[in-house]
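Breakdown of the fold
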Amino acid sequence: PFCLKPRGRREHRNRNSMMFPTLDQTFAIIGGTGKTGKWAIKAAIQRGAKVRVLCRTPSKLATVYETLWKEGVVPATMAYDKVVESGQLVVVEGSLPIGKKGEKLDGSNDFSATNEQIASLKELVSGTTHVMSFLGMDPKNQAPVCRPGIESIMRAVKECDAVEKPKIFIMSSIILSDSYAQGKAAWGCCGCIGSFMRWKFLRNCFDDME
């Protein structure tokens with residue numbers, strides 16, 4: 001058995017700081033052009049926080065940003081060019097290591113990030129308070145992406161010059177919204193945990209969705 005320990009003010013403040021971005025926070029976002037990550041960008045911008053986004057193709061972010069607003073009408077104060085010019089939104093060009101379809105995360109393949117990839121990640125996380133990963137997978141490719149990506153992010157955070165390292169937040173719907181095969185390809189042996197969570201604890205939720 002376990003008991004819930006009352007949270008102190010500091011714990012509440014730390015938890016709320018992640019839930020409600022403020023002016024003194026800077027978020028590094030990986031997977032910001034995806035279905036989930038793009039909403040994190042919008043939420044942070046609306047609350048006045050600074051955002052740094054890693055993009056393989058920087059121009060893609062501008063297109064995705066427009067889709068975040070009803071009927072594509074962006075408030076004048078939050079126009080893409082305006083938030084970029086002010087420095088509230090910074091786009092860092094770069095990518096993460098991704099395997100090829102069929103490759104396994106069993107140690108037989110090398111998914112290490114290149115020096116160039118680590119350099120762009122270190123540039124991304126520099127000066128940030130939080131690093132948020134929303135990595136996803138191409139259903140058609142099903143190549144390893146999450147584990148190699150997260151390991152690279154953790155390495156970049158560890159090697160960055162900041163005295164106080166940014167907190168890392170990881171979110172992925174792989175396995176929950178996709179197949180077990182995709183989850184295993186993305187996460188490796190950790191995929192079985194997501195599958196267990198889905199069918200043991202979230203079965204009613206998915207039955208309702210279907």
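Look above for the structure.
Let me begin by describing the structure that accompanies this report. Note that the coordinates shown come from a computational prediction; the quantities given were computed from them, not determined experimentally.

A count of helices and strands for the chain gives nine helices and five strands. Along the chain, helices (α) and strands (β) appear in the sequence α-β-α-β-α-α-β-α-β-α-β-α-α-α when read from the amino end. In the chain, which comprises 210 residues, the proportion classed as buried is 37%. Restricting the contact set of the chain to residue pairs at least 6 apart, pairs at least 24 apart contribute 68%. Counting every atom, the chain has about 13100 Å² of accessible surface; 55% of that belongs to carbon and sulfur.

The next point concerns the nonpolar core. Judged by nonpolar contacts, the single largest core of 21 residues is most densely connected at Ile29, Ile45, Val51, Tyr65 and Leu89. Counting residues per element, the ones that place at least two in this core are strand 1 (26-30), helix 2 (37-46), strand 2 (50-55), helix 3 (58-66) and helix 4 (80-86). The dominant element in this core, judged by the number of residues it contributes, is helix 2, at four residues. Setting aside residues up to four positions removed in sequence, Ile29 forms contacts with Gly37, Ala40, Ile41, Val51, Arg52, Val53, Leu54, Met132 and Phe134. Ile30, Leu54, Leu121 and Val157 belong to the second largest nonpolar core, which has 19 residues in total.

Now for the pattern of salt bridges. Tallying each qualifying case throughout the model produces three salt bridges. Measuring nitrogen to oxygen at the nearest pair gives 3.1 Å for the salt bridge that ties Arg155 to Glu159. Taken together, the positions of Arg155 and Glu159, both in helix 6 (residues 146-159) and four residues apart, correspond to about one turn of that helix. In the salt-bridge network here, residues are joined through shared partners; they are Lys122, Arg155 and Glu159.

Cut-offs applied
Residues numbered from 1 in each chain as written. Predicted model: local features only at pLDDT ≥ 70, side-chain atom pairs only at ≥ 80, totals over all residues. Heavy atoms only, no water. Helix = DSSP H or I, 4+ residues; strand = E, 2+ residues; numbered from the N terminus. Buried < 20%, exposed > 50% of the residue type's maximum accessible area, 1.4 Å probe, protein only. Contact = heavy atoms within 4.5 Å. Areas by Shrake-Rupley, 256 points an atom, 1.4 Å probe, with all protein chains shown as cover. Core = buried A, V, L, I, M, F, W, Y, C linked by side-chain atoms within 4.5 Å. Salt bridge = Lys/Arg side-chain N within 4 Å of Asp/Glu carboxyl O.

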